[in-house]
Amino acid sequence: MNLKATIGMETHVELDTKSKMFCSCEVVETDEPNISVCPTCLGLPGALPVPNKTAIEYIVMLSLGANCNITNEGMFHRKNYFYPDLPKNYQISQFDFPVGVNGSLEIVLDEELHSVEIERVHMEEDTGKSVHIGSGRIDSATSTLLDFNRSGIPLVEVVTKPVISNSKMAVAYIEELRQLVIDLGISKGKLEKGNLRFDANISVANEDSNELGTKVEIKNMNSLKSLEKAIDYEIMRQSKQIEKGESVIQETRHWDENKQVTISMRTKEGSADYRYFSDPDLPNMIIDEEFINNSKKNIQNLPTDKRKTLKESGLSLSDSNYLDKGDKWLYDLYLSTVENTKDSKSTFNFLTGELQGQMRKAEIDELPDWVDSEKISNLINLFETNEVSFTSAKDILAKLLGEDIDPISYATDNNLIQSSDDEEIKTLVTSVIKENQDIVERLEDPEDKLVGFLVGQVMKSSENKVNPGSVKDILLKELFG
Amino acid sequence: MAEKIPSISKINELFQNKEMKPSELFEQVYETASYTESVLHAHLELFYDEGLKLSKESDKRYTKNESFGLLDGIPIAIKDNINIYGYKTTCSSKMLSNYVSPYDATVVTSLKKAGTIFTGKTNLDEFAMGSSTENSAYGPTKNPWNPNFVPGGSSGGSAAVVSAGSAVASLGSDTGGSIRQPASFCGVVGFKPTYGTVSRYGLIAFASSLDQIGPITNTVDDTRIIFNEIQGYDSKDATSITPEYTKLENKKIKVGILKELMQEGVSNESQNEVNKVVNLLKEKGHDVTEISLPLTEMALSVYYLIAPAECSANLSRFDGVRYGIREDASTSYEMMNKTRSVGFGEEVKKRILLGTYALSAGYFDEYYGRALKVRSKIITDFKTAFDEVDFILSPTTPTPAFGFGEKTKNPLEMYLSDLCTIPANLAGLPAISIPTGLSENNLPLSVQIMGKPCSDYSLIDFAESIEEMVEFNFSPNLLKENNES
């Protein structure tokens, strides 16, 4: 029996606004509880919500970035459920008139482009945070503390259609979405901070079947590694059950990082009744052409655009995607450097291999401000034209990361320039041949390992100032004609 | 000693001419309260110390001729579902028996800036759900005209204090008639402004799309003065509007009599008041025509789906987690359950259940969804009607005040007492109730005038002209008895 998995992703993106969604409380990043709260985000009696215009602008930008149609008259709905960290015991969300519908995101898997269809993009407010004392879970805690700093922070939920078929694709989708919100400048996009949190809806069915299998939801993950493992585990778990002839239960599970398994949280008997209804405290969101056009003004150089530019510079799709998802400075540095070097592959390799490697080793997060594309491209050109050896180039780079030097003058001043002067090399070669007649006599053909030994001798006698390639050429010409 | 309190303009004149000081008026009002309260139970809390202090500050302003305006030094009572910083806001519920508000409602901020002195907080039906103040967790308020009768509700306390003279005016809230119906029962003026003209920020919500704060006063002019102070756009309320008030161009006014509120279900006594006013209007040369809005008959049903639906979500926040009372339990859900069971009274629970049901999957379209559709038709109907007439005249209530316990056993009958007032809430219209006469058993009767949205000031002007025509000069028995003694 051949089985196939179908996955749909629901991702919450925390927007990077100054103030919360429905009040003017500052969005803060702190462990000190309840310092940025007011009557509205605490759900005090009589307090009212007033929408944050910037947040609405951001969700329109995200919807446009995800190629969605914009709903011109969006509505806020109340989603009713009781939970101690939900101050009003309803969450202001969107139901049948979300801001964005029917979009798609282009993702990269190896050297291939895929499209992930987006069902909807909607706005909601975040809840407070429960800190369970004595246990990580509410049902076994001895007490629970509540922190409402997070309460009311604007969230956007992006929901895909069930079109993802494996964990790698899911990861690529999240990477793409993350880069989109970063490039739009609407979220910090830090997974470790929970700026993106995702739920995966996974079902497994017979490959030939037109119907989806029973849906299992894995809730609240915020690392790509967990996402990948959780999906792989869940597909395996469900497949085994189906192969054994057992049925999969519709339920919500969570990924247990310690045990590396998914664990059942609650069984869904039908769907929960949230009694959605239009929030009478909030008039409809009128998103007209003018608003959309203003939002468009803030949209430029999205991941797809960047990827296109990178590809046009000569990089492969996967290398382009790598730089697309990297830091902005690296992307900028690459583009300005490759303009000088005209060699995309070697520039890519030098930047992502040597430069990033050395920075990691030296624990430098940001490029020192004296390091610019001119210096880097000069350095790349030095070793690409064999004027310095690759080893020297690495040394120069290390130096450059520590202090403001000019790679060319540094190479010259420190005698790192290799000579390609044929006459000079010829003189050195002649003397080495003369001094090593015993070896020369044992040479059988140009592929002989002893050729390398002789090249080494020439290099040594030049104190590494000559280009080893030229040495070899001249040596072979002298010996074998 | 109790005297009928003069109008706000008159009081201001006395203050300006140094014939009376704000602190003297405050003491007088407090003295009235100290004997009327024992009978009426209209105030839940009196702010004597702070009131006296603030009224003395007002004294100084008048001495220096630096008063803040007409409302400076005027003692006003606030319904106990409107937040005043540092004071309890109980909503007459056990749930909030210990709740002290950390912020002012926008209307309270406006009145404070105007130099108003708060007498205290007034009684109401729990969370403003009721028509008699019998649903208060702290006991009912009595009608100053006859303590055997209810003062109406839900702003029963706010109407009673004005009627009894223990405040010059008061603020109430009106979701389905909660200002106008008690004003009518207590023989005072009650005004529900156009939805959105007065900020709801700081008013504890019952049904957000219907709730509106408004004044209860002795005269229509007092209503104008207070409305003028509390109206206007508020950035803290997203449903707040920047009103562009319409003016009346013609001296000759066209008045519509709403047929559906002049038939069976409305007492003859109440209908007679309308007829009396109609005759007076005709004498003045105004046009009076009968109009028919058949959907008015469905207004009550629509209201009893929309209001409970909204309240079921609005009252979810009372869970014992962050404020209010909390019942001990071993889990958080059990705690919430117990707290809500103990904290809410019967009527509140009934409406939460009703609303929850109306919003539930499978019932939504049939109940709440359909109610919304009828509501928008009612709005359209009124709009069409106001193309023909300037104002719509009707009784405020089907009957004068009823006795305690008379309708508590039959909720439908209780709900019917808001028959005439609910349509204005559904359509967001301004509506005012003014006393016009007394019933057979010496209880006040009123008429209601509705205007089109944002006609508030012209509606007030028109009501004032009727006020002059009818010359309602009666005082409640409570005041008379005390005068005699």
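Student: What exactly am I supposed to notice about the overall build of chain B here?
Tutor: Secondary structure assignment for chain B yields 16 helices and 11 strands. Each principal axis of the C-alpha atoms in chain B carries an extent, and together these give about 65 × 55 × 45 Å. Of the contacts made within chain B by residues no fewer than 6 positions apart, 76% connect residues no fewer than 24 positions apart.

Student: Explain the sheet that holds strand E4 (residues 77-80) of chain A here, please?
Tutor: Strand pairing in a sheet is mediated by backbone hydrogen bonds. Such pairs are either parallel or antiparallel. Residue and element names in this part refer to chain A. Judged by pairing direction, the sheet is antiparallel, and its 3 strands sit side by side in the order E5-E4-E15 without closing on themselves. Two strands lie at the open edges of the sheet, namely strand E5 (90-93) and strand E15 (277-278), each paired on one side alone. Note that E4 and E5 share 4 bridges and pair antiparallel. Paired with His77 across the bridge in E5 is Ser93.

Student: Looking at this structure, how should I read the sheet that holds strand E7 (residues 254-258) of chain B?
Tutor: Residues and elements named next belong to chain B. Ordered by their spatial adjacency, 11 strands build an open sheet running E1-E3-E2-E4-E6-E5-E10-E11-E9-E7-E8, and the pairing between neighbours is mixed. The open sheet terminates on both sides in strands that have one partner only, identified here as strand E1 (43-46) and strand E8 (287-291). When strand polarity is set aside, the average angle formed by the axes of neighbouring strands in this sheet is 30°. Of the strand pairs in this sheet, E1 and strand E3 (residues 117-122) are connected by 3 bridges, and their pairing is antiparallel.

Student: What should I look at first to understand the packing of helix H5 (residues 303-312) of chain A against helix H6 (residues 317-324) of chain A in this one?
Tutor: When two helices pack together, you describe them by how their axes are tilted relative to each other and by the distance separating the axes. Residue and element names in this part refer to chain A. Here H5 crosses H6 at 130°, and the two axes come no closer than 9 Å. Taken together, the axes of H5 and H6 lie oblique to each other. The two elements H5 and H6 cross, and the hand of that crossing is right-handed. Facing H5, whose interface residues are Pro303, Lys306, Arg307, Leu310 and Lys311, H6 presents Leu317, Ser320, Asn321, Leu323 and Asp324. Residue composition of the contact of H5 with H6, grouped by class: 4 nonpolar, 2 polar and 4 charged.

Student: So what exactly am I meant to see when it comes to helix H12 (residues 422-435) of chain A here?
Tutor: Along an α-helix, residues three or four positions apart point the same way, because every turn accommodates 3.6 residues. All names here are of chain A. The end-to-end C-alpha distance of H12, which contains 14 residues, comes to 20 Å, matching closely the 20 Å that a straight helix rising 1.5 Å per residue would cover. The complete set of buried residues in H12 reads Ile425, Leu428, Val429 and Val432. Along H12, the residues classed as buried sweep out an arc of 100° about the axis, all on the same side. Across H12 from its buried face, at more than 90 degrees, point the exposed residues Glu423, Thr427 and Lys434.

Student: Explain the nonpolar core to me, please; I cannot follow it from the model alone.
Tutor: Most often, soluble globular proteins have nonpolar side chains that are buried together. Leu62(A), Tyr173(A), Ala200(A), Ile76(B) and Ile449(B) are the most contacted members of the largest nonpolar core, which has 198 residues in total. A per-element tally of this core places helix H9 (residues 299-314) of chain B first, with 9 residues. Among all residues touching Ile449(B), those that are not within four sequence positions of it are Phe391(B), Leu393(B), Ala431(B), Ile432(B), Leu459(B), Phe462(B) and Ala463(B).

Student: Mind showing me how you'd approach unusual backbone geometry here?
Tutor: The step from Gly153(B) to Ser154(B) runs through a cis peptide bond, and the omega angle for that step is 10°. Take Ser154(B): it is sitting in the loop between E3 and helix H5 (156-164). Phi at Glu363(A) takes a positive value of approximately 55°, unusual for a residue other than glycine. A positive phi is found at Thr133(B), a non-glycine position, where the angle reads about 65°. Here Thr133(B) shows up in the loop between E3 and H5.

Analysis parameters
- Residues numbered from 1 in each chain as written.
- Chains lettered and ligands numbered in written order.
- Predicted model: local features only at pLDDT ≥ 70, side-chain atom pairs only at ≥ 80, totals over all residues.
- Helix = DSSP H or I, 4+ residues; strand = E, 2+ residues; numbered from the N terminus.
- Contact = placed C-beta atoms within 7 Å.
- Pairing = 2+ DSSP bridges.
- Axes fitted to C-alpha atoms, helices over the stretch in contact; angles between N-to-C directions.
- Parallel < 35°, antiparallel > 145°, perpendicular 65-115°, else oblique.
- Left-handed = near helix turned anticlockwise from the far one by under 90°.
- Nonpolar A, V, L, I, M, F, W, Y, C, P; charged D, E, K, R; others polar.
- Expected span 1.5 Å × (residues − 1).
- Buried ≥ 20, exposed ≤ 12 C-beta atoms within 10 Å, placed from the backbone.
- Arc of directions from axis to C-beta.
- Core = buried A, V, L, I, M, F, W, Y, C linked by C-beta atoms within 7 Å.

Purely geometric numbers; function is a separate question.
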